[in-house]
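Examination of the molecular architecture
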Amino acid sequence: MGLLYESTDVMGWGIWIFVLFALMAFNEFSRTTKWGGIALFLILPIILTIFVWPTTAAPGNEYGTGTWFNWVKTYSALAGCLGFMAIRYYPSIAKKKWVLWFPPGILALNILEACIRDFQVYMYGAWDGAYIDNLWVMSGPWNIMNGIAGLLNIVAICGWVGIKISKDKSKDMIWPDMIWPWIIAYDLWNFAYVYNCISDHSFYAGFALLLACTIPSFFIKKGAWLQHRAHTLALWIMFIMTVPSFADRLAPVPSTHDPRAFFIVSLVSLLANIALVAYQFYRIRKLKLNPLKDEIYVDTKAYKEIMEDNGLSA
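One structure accompanies this document, and this report is about it. Here the structure is a predicted model, which means the values were calculated and not measured. (Residues numbered from 1 in each chain as written. Predicted model: local features only at pLDDT ≥ 70, side-chain atom pairs only at ≥ 80, totals over all residues. Heavy atoms only, no water.)

Overview of the side chain of Thr56
The test is simple: A run of H or I in DSSP becomes a helix once it reaches four residues, and a run of E becomes a strand once it reaches two; helices and strands are each numbered from the N terminus. We call two N or O atoms a polar contact when they sit within 3.5 Å, provided that within protein one can donate a hydrogen and the other can accept it, with sequence-adjacent residues counted only if both atoms are side-chain atoms. What makes two residues a contact is simply this: any of their non-hydrogen atoms within 4.5 Å.
Structurally, the position occupied by Thr56 is in helix α3 (residues 53-56). From its side chain, Thr56 meets the backbone oxygen of Met241 in a polar contact 2.5 Å long. Sequence-distant contacts of Thr56, that is, excluding residues within four places in its chain, are made with Asn61, Thr65, Met241, Thr242 and Pro244.

Here it is in structure tokens:
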């Protein structure tokens, strides 16, 4: 598969497609039914935490699921899902202005966790590649480049004051100001992070997982990207914590371990996020906006389409 991955067969692509559509299907199940969300993001994790993960994600296990990062990422993703459900289903909570700091806060925390991990991989000094915590990594300037890109992506989080709940039956958490430039820049950054830090898992944890939230954001439920992302991320991490051998033994598609690939994906990520921040600051200055109090993209076609599709008014 070119520069990024070793070749795979029809079965490999079939598994990848199944993962993509399974994530999208379970996201729709949890998004459109309150009880589905409670079952997947509250009841199931409690059961797995008590009876399964102490074994499958024990520290030092052969698949690398026992690291601090996996545990923190699992529960921070679940916290996002449950917090968003509280905002969606309890109007009295959503009306409190300070509550609107939770979505950008949990998003920024998740990005920061990944940035720290990228910097940590650089500090390993594995310049020729090595297995650390049972995961293959290769340290290099790409870790620094992409860590910086992630920090820029945090800076570009904007418009949370305009978060609203959709008027339809599913009561989705809609963030109209989170339009396609930020989503694409995030996707490029996150793919580069996954490629850098869990390279041999990135065919699924990067490629498929990002599409599983991006496709619904553009074609199924516009404006709910963060909700889609939290759900699909939590679902994937719970699956990997439960079946840690999936990407290593059951359906492996390793990366090429080519330094050029690491450099290119991180360079694209960095350039995209520099462009995003530059454009956003240009709009803030031109329109004389306060990024802590104002939405940045109210006058854009993408913003207006999100509002219209969800029956919302400015």
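Overview of helix α13 (residues 301-309)
Heads up, the rule is: Each residue is placed in one exposure class: buried if its accessible area under a 1.4 Å probe, protein chains only, is under 20% of its type's maximum, exposed if it is over 50%, and partly exposed if it falls in between. When we speak of the arc, we mean the arc of directions from the helix axis to the C-beta atoms.
Residues Ala302, Tyr303, Ile306 and Met307 constitute the buried set of α13. All buried residues of α13 fall inside an arc of 135° around its axis, so they share one side. Facing away from the buried surface of α13 by more than 90 degrees, the exposed residues are Lys301 and Glu308. The inward-facing, buried residues of α13 abut β3 (164-165), β4 (173-174) and α8 (180-197). Among the residues trailing α13, Gly311 stands out with phi positive, at a value near 65°.

A closer look at the packing of aromatic side chains
The line we're drawing: In this scheme Phe, Tyr and Trp rings, the latter by its six-membered ring, pair at centre separations within 6.5 Å, and the angle between planes marks the pair as stacked below 30 degrees, edge-to-face above 60, and tilted otherwise.
Summed over the entire model, instances satisfying the criterion amount to 32 aromatic pairs. Measuring from centroid to centroid gives 5.4 Å for Tyr5 and Phe203, while their planes differ by 70°, and the two rings are edge-to-face. Pair noted here: Tyr5 is in the segment before α1 (10-32) and Phe203 is in helix α9 (residues 202-219), with a separation of 198 residues, a long-range link. Each member of the pair, Tyr5 together with Phe203, is buried. Ring plane angle 75° and centroid distance 6.2 Å describe the contact between Trp53 and Tyr75, whose orientation is recorded as edge-to-face. Here Trp53 is found in helix α3, whereas its partner Tyr75 is found in helix α4 (residues 68-89), with 22 residues between them in sequence.

What to know about the pattern of salt bridges
The condition is simple: One side-chain nitrogen of Lys or Arg within 4 Å of one carboxyl oxygen of Asp or Glu is enough to make a salt bridge.
In the structure shown here, the tally under the stated rule is 10 salt bridges. The salt bridge involving Asp309 is made with Lys222; its shortest N-O contact spans 3.6 Å. Of this pair, Asp309 sits in helix α13 while Lys222 sits in the loop between α9 and α10 (225-242), and the two are 87 residues apart along the sequence. On the basis of relative accessible area, Lys222 is assigned to the partly exposed category, the value being 27%.

Side note on empty space enclosed by the protein
A water-sized probe rolled over the atoms picks out the places where empty space is left. Inclusion rule: Cavity: a set of points on a 1 Å grid over the protein atoms alone where a 1.4 Å probe fits but cannot get out. Pocket: an open set with protein on both sides within 12 Å along at least five of seven lines, its lining residues, like those of a cavity, having an atom within 4 Å of a point. Grid points are joined across faces, edges and corners, and a volume is the space filled by probe spheres set on the points. Basically, the charged four are Asp, Glu, Lys and Arg, the nonpolar ten are Ala, Val, Leu, Ile, Met, Phe, Trp, Tyr, Cys and Pro, and anything else, Gly included, counts as polar.
Summed over the entire model, instances satisfying the criterion amount to three cavities of 30 Å³ or more. What the largest cavity holds in volume is close to 360 Å³. Contributing to the lining of the largest cavity are 23 residues, with Phe69, Asn70, Ile198, Ala205 and Ile237 lying nearest its centre. Taken together, the residues that form the lining of the largest cavity break down as 14 nonpolar, six polar and three charged. There is about 140 Å³ of room inside the second largest cavity.

Some thoughts on a nonpolar patch on the surface
Formally: Patch membership needs two things, relative accessible area over 30% and no salt bridge, and members are linked within 9 Å if like-charged or within 5 Å if nonpolar (Val, Leu, Ile, Met, Phe, Trp, Tyr). All accessibility values rest on the Shrake-Rupley procedure with a 1.4 Å probe; residue burial counts only the protein chains present in the view.
Taken together, the side chains of Leu3, Trp180, Ile184, Leu188, Phe263, Ile264, Leu267, Val268, Leu271 and Ile274 present a nonpolar region at the surface, about 830 Å² in accessible area. For the nonpolar patch, the secondary-structure elements that each account for two or more residues are α8 and α12 (259-287). With six residues, the top contributor of residues to the nonpolar patch is α12. The topology assignment puts Ile264 in helix α12. The partly exposed category is assigned to Ile264, whose relative accessible area is 41%.

Overview of helix α7 (residues 141-155)
Which entries qualify depends on this criterion: For a helix, the expected span equals 1.5 Å multiplied by the residue count minus one.
Along its 15 residues, α7 runs 22 Å from first to last C-alpha, staying within 8% of the 21 Å computed at 1.5 Å per residue. Taken together, the buried positions of α7 are Trp142, Asn143, Met145, Asn146, Gly147, Ala149, Gly150 and Asn153. Buried residues in α7 make contact with α6 (102-124), α8 and α12.

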